[in-house]
Amino acid sequence: MRLPFFVYGTLRPGEVNHDHFLRGRTGSQQPGRLDGVVLYDGPGYPYAVEEPGGTVRGELVTALPEAYDDLLAALDLLEEYAPGDPRNLYERIECDVVRDADGVSVRAWVYVAAPAVAAGLRARGKLIDSGDWLLRG
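Residues numbered from 1 in each chain as written. Predicted model: local features only at pLDDT ≥ 70, side-chain atom pairs only at ≥ 80, totals over all residues. Heavy atoms only, no water.

**Student:** If you had to explain the pattern of salt bridges to someone new, which residues and values would you point to?
**Tutor:** Tallying each qualifying case throughout the model produces 13 salt bridges. Here Asp35 makes a salt bridge to Arg33, at a shortest N to O gap of 3.2 Å. Of the residues examined, Arg33 reaches a relative accessible area of 29% and is grouped as partly exposed. Of the charged contacts, one joins Asp85 and Arg87 as a salt bridge, the two residues approaching to 2.8 Å between their closest N and O atoms. Given a relative accessible area of 67%, Arg87 falls into the exposed group. (Salt bridge = Lys/Arg side-chain N within 4 Å of Asp/Glu carboxyl O. Buried < 20%, exposed > 50% of the residue type's maximum accessible area, 1.4 Å probe, protein only.)

Put into structure tokens, the structure is as follows:
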């Protein structure tokens, strides 16, 4: 299934990985929000952690059809995600993301903290209260 991607950290416009990974591979980018998660500051990049009542701000990115497979592989590599690997830092899951422009909910891929990482962040991580990586201060 070729879902769009919801990016909330270094892949957002103006951030360090945006141009390197997304330039020339996307058809559209739209602001949106992911409910049911909170944001933690990692070492130079954020982690979304599932948490009822939380909201994370980001961009809904739709890949160009001819670039989709390469982009998916590149993002999996960036996020150190391999299906079923217990060493994953992130898990890629399907979530409903709400577009800011029209309030429509869209199914998208989201990289969230893997369970062991999430547990550590909940215990001793630095929460980004705004839920917006760009406003982390």
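**Student:** Summarise the layout of surface pockets; cite the residues concerned and give the values.
**Tutor:** Taken as a whole, the largest pocket spans an internal volume of roughly 250 Å³. In terms of lining, the largest pocket is formed by 16 residues, of which the most central are Thr10, Tyr45, Pro46, Glu79 and Tyr90. Counted by class, the lining of the largest pocket contains 10 nonpolar, four polar and two charged residues. (1 Å grid on protein atoms, 1.4 Å probe; cavity = no way out; pocket = protein on both sides within 12 Å on 5 of 7 lines; lining within 4 Å. Points joined across faces, edges and corners; volume = space filled by probe spheres on them. Nonpolar A, V, L, I, M, F, W, Y, C, P; charged D, E, K, R; others polar.)

**Student:** Describe the pairing of strand S4 (residues 90-99), and please don't skip the residues or the numbers.
**Tutor:** In the sheet, strand S2 (residues 26-41) pairs with S4 via two bridges, with the strands oriented antiparallel. Note that in S4 the partner of Arg33 across the bridge is Val98. Note: S4 against strand S5 (residues 105-113), nine bridges, orientation antiparallel. Residue pairing in the sheet places Asp96 in a bridge with Arg107 of S5. Where S4 hands over to S5, the hairpin turn is made up of five residues, of which Gly103 adopts a positive phi near 75°. (Pairing = 2+ DSSP bridges. Helix = DSSP H or I, 4+ residues; strand = E, 2+ residues; numbered from the N terminus.)

**Student:** Talk me through the packing of aromatic side chains; I want residue IDs and the actual numbers.
**Tutor:** To describe a pair of aromatic rings, you give the distance between the ring centres and the angle between the ring planes. In total, this model carries five aromatic pairs according to the counting rule given. With centroids separated by 4.7 Å and ring planes inclined at 25°, the aromatic side chains of Tyr47 and Tyr90 adopt a geometry described as stacked. Here Tyr47 is found in strand S3 (residues 46-63), whereas its partner Tyr90 is found in strand S4, with 43 residues between them in sequence. Judged by its relative accessible area of 6%, Tyr47 falls in the buried class. By the ring-pair criterion, three or more aromatic residues cluster together here, those being Tyr45, Tyr47 and Tyr90. The ring of Trp109 carries Arg92 above its face, with NZ or CZ at 4.5 Å from the centroid. Between Arg136 and the ring centre of Trp133, over which it is positioned, the NZ or CZ distance is 3.8 Å. (Phe/Tyr/Trp six-rings, centres within 6.5 Å; stacked < 30°, edge-to-face > 60°. Lys NZ or Arg CZ within 6 Å of the ring centre and 35° of its normal.)

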